[in-house]
Amino acid sequence: MKPISKLWILCFFLFESCAIYQATKVPTNNLKSALESKSTKKPKIVFLGDSITHGRVSYDYVNSIAKHPSLVNHLVINEGINSRLTVQILEQLDDLKALNPDFVFLLIGTNDLKATLSTDEYNRYASFWKLKEPVSEESFVSNLTKIIQTIKNNTKAKLIVFSPPILGEDPNSIPFQRSKKFAELTREVVTKEKVIYKPLHETLSQGLDTANNKVRKPYTQSNWPMYWTILRYYSTTASWDELGESNGYFYLTDAIHLNDRGGKILEGMALEEILPEKK
């Protein structure tokens, strides 16, 4: 192998390692750190979810909210971790109860719905999380109901639940339709449990109807577009919007995660509840 080729491969793996580190770094302001710090800041606001809340592989809406001028004295907590399903959220509720926050924002469901798309998708999650039970619409509804009831019954928190975002941007594709179904299931559970529902999926879907770009790219079962987009973000100066647009998306970066445009819609929905006077 030529020396130049070896150097290129070495550089690629260095960039890749850096990107993976950045993408998987646990938020420093997570639930455990909040409990250990015994911060006296109030109100306590917890954002509970998966990679979209984690904010390392897409627009970091939690960090942006934490920097809002009106929230300087608020305790903003990011309890988002990549690839989480509803069953992993259930495992975090003891810490949530111990903190007893004033607000809880819940955004979950994308990985549950992805795990129902195919055996290969499910097996990836089963291997990663050592899942013992199948993932289905029924398990999603059951877990989401348990999460909401636990938060309602064991904390003083005002609970706000977002519908999971769109999966891909082709409304006629099966993944998009599955994301729509899980958004409907979320709305049904939230309505039954009488907590606050935020129509993220519906808002993004409606926005696609008026977007200038007419190409509607579907989600496909491949991690490479996601990994490549993450690598480009952490090794260049490109924004999530620019990366999403280069991949052919309006609200997304890689068919799964939100770019700045999509993330700011989510951020605005959260701020409506934290700062109602700013509506």
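Remember, it's a predicted structure, so these values are computed and weren't measured experimentally. (Residues numbered from 1 in each chain as written. Predicted model: local features only at pLDDT ≥ 70, side-chain atom pairs only at ≥ 80, totals over all residues. Heavy atoms only, no water.)

Engineer: Requested: an account of the packing of aromatic side chains, with residues and values cited.
Structural biologist: Scanning the model with the defined rule gives 10 aromatic pairs in all. A centroid spacing of 6.4 Å and a plane angle of 10 degrees characterise the contact between F103 and F105, whose relative ring orientation is stacked. Residue classification places F103 among the buried positions, given a relative accessible area of 12%. Taking the centre distance of 4.9 Å and the plane angle of 50 degrees together, the rings of F140 and F182 count as tilted. One end of the pair, F140, is in helix α9 (residues 137–154); the other, F182, is in helix α10 (residues 174–193), and 42 residues separate them in sequence. Considered together, F140 and F182 belong to a single accessibility category, that of buried residues. Through a chain of ring-to-ring contacts, the aromatic side chains of F47, Y61, F103, F105 and F162 assemble into a single cluster. Above the face of the Y125 ring, R124 is positioned so that its terminal group lies 4.5 Å from the ring centre. (Phe/Tyr/Trp six-rings, centres within 6.5 Å; stacked < 30°, edge-to-face > 60°. Buried < 20%, exposed > 50% of the residue type's maximum accessible area, 1.4 Å probe, protein only. Helix = DSSP H or I, 4+ residues; strand = E, 2+ residues; numbered from the N terminus. Lys NZ or Arg CZ within 6 Å of the ring centre and 35° of its normal.)

Engineer: Talk me through the pattern of salt bridges; I want residue IDs and the actual numbers.
Structural biologist: Pairing of side chains with opposite charge becomes possible as their charged atoms draw close. Scanning the entire structure with this criterion turns up 11 salt bridges. Of the charged contacts, one joins K152 and E193 as a salt bridge, the two residues approaching to 3.4 Å between their closest N and O atoms. Separated by 41 residues along the polypeptide, K152 in helix α9 and E193 in helix α10 bring together distant segments of the chain. The partly exposed category is assigned to K152, whose relative accessible area is 36%. The class of E193 is buried, set by a relative accessible area of 9%. K198 is the salt-bridge partner of E272, the closest N and O atoms lying 2.9 Å from each other. Taken together, the residues span a long stretch of sequence, with E272 in helix α14 (residues 260–274) and K198 in strand β5 (residues 196–198) at a distance of 74 residues. Ionic contacts of the salt-bridge type, sharing partners, join the residues K158, K198, E272 and E273 into one network. (Salt bridge = Lys/Arg side-chain N within 4 Å of Asp/Glu carboxyl O.)

Engineer: So, the nonpolar core: which residues are in play, and what are the values?
Structural biologist: Within the largest apolar cluster, 66 residues are counted, with the highest numbers of intra-cluster contacts made by F47, F105, L106 and I151. Once you skip the residues sitting within four places of it in the chain, I151 turns out to touch L48, L93, L96, V104, A157 and L159. One finds A115, A126, L131 and V135 within the second-largest nonpolar core, a separate group that totals seven residues. (Core = buried A, V, L, I, M, F, W, Y, C linked by side-chain atoms within 4.5 Å. Contact = heavy atoms within 4.5 Å.)

Engineer: Could you give an account of the environment of H68, with specific residues and numbers?
Structural biologist: Secondary-structure assignment places H68 in the loop between α4 (61–66) and β2 (75–80). For H68, the residues in contact, after removing those within four places along its chain, are L271 and L275.

Engineer: Which residues make up the packing of α9 against α10, and what values do they have?
Structural biologist: At their nearest, the axes of α9 and α10 sit 10 Å apart, and the two run at 35 degrees to each other. Relative to α10, α9 is oriented so that their crossing is right-handed. Facing E137, F140, V141, L144, T145, I148, Q149 and K152 of α9, the residues of α10 in contact are R178, K181, F182, L185, T186, V189, V190 and E193. In terms of residue class, the contact of α9 with α10 is built from eight nonpolar, three polar and five charged. (Axes fitted to C-alpha atoms, helices over the stretch in contact; angles between N-to-C directions. Left-handed = near helix turned anticlockwise from the far one by under 90°. Nonpolar A, V, L, I, M, F, W, Y, C, P; charged D, E, K, R; others polar.)

Engineer: Before we move on, can you summarise the packing of α10 against helix α11 (residues 200–210) with the specific residues and values?
Structural biologist: Two elements in contact, α10 and α11, have axes whose closest approach is 10 Å; the angle formed by their N-to-C orientations is 140 degrees. By the angle between their axes, α10 is oblique relative to α11. In this structure, α10 contributes F176, S179, K180, A183 and R187 to the contact, and α11 contributes H201, E202, S205 and L208. Here the residues of the contact of α10 with α11 sort into three nonpolar, three polar and three charged. (Parallel < 35°, antiparallel > 145°, perpendicular 65-115°, else oblique.)

Engineer: Please provide a residue-by-residue account of unusual backbone geometry, values included.
Structural biologist: Here K42 and P43 are connected by a cis peptide whose omega angle stands at -5 degrees. Relative to the elements of secondary structure, P43 occurs in the loop between α2 (31–37) and β1 (44–49). In this structure, K38 takes a positive phi of about 50 degrees despite not being glycine. As for its placement among the helices and strands, K38 is situated in the loop between α2 and β1.

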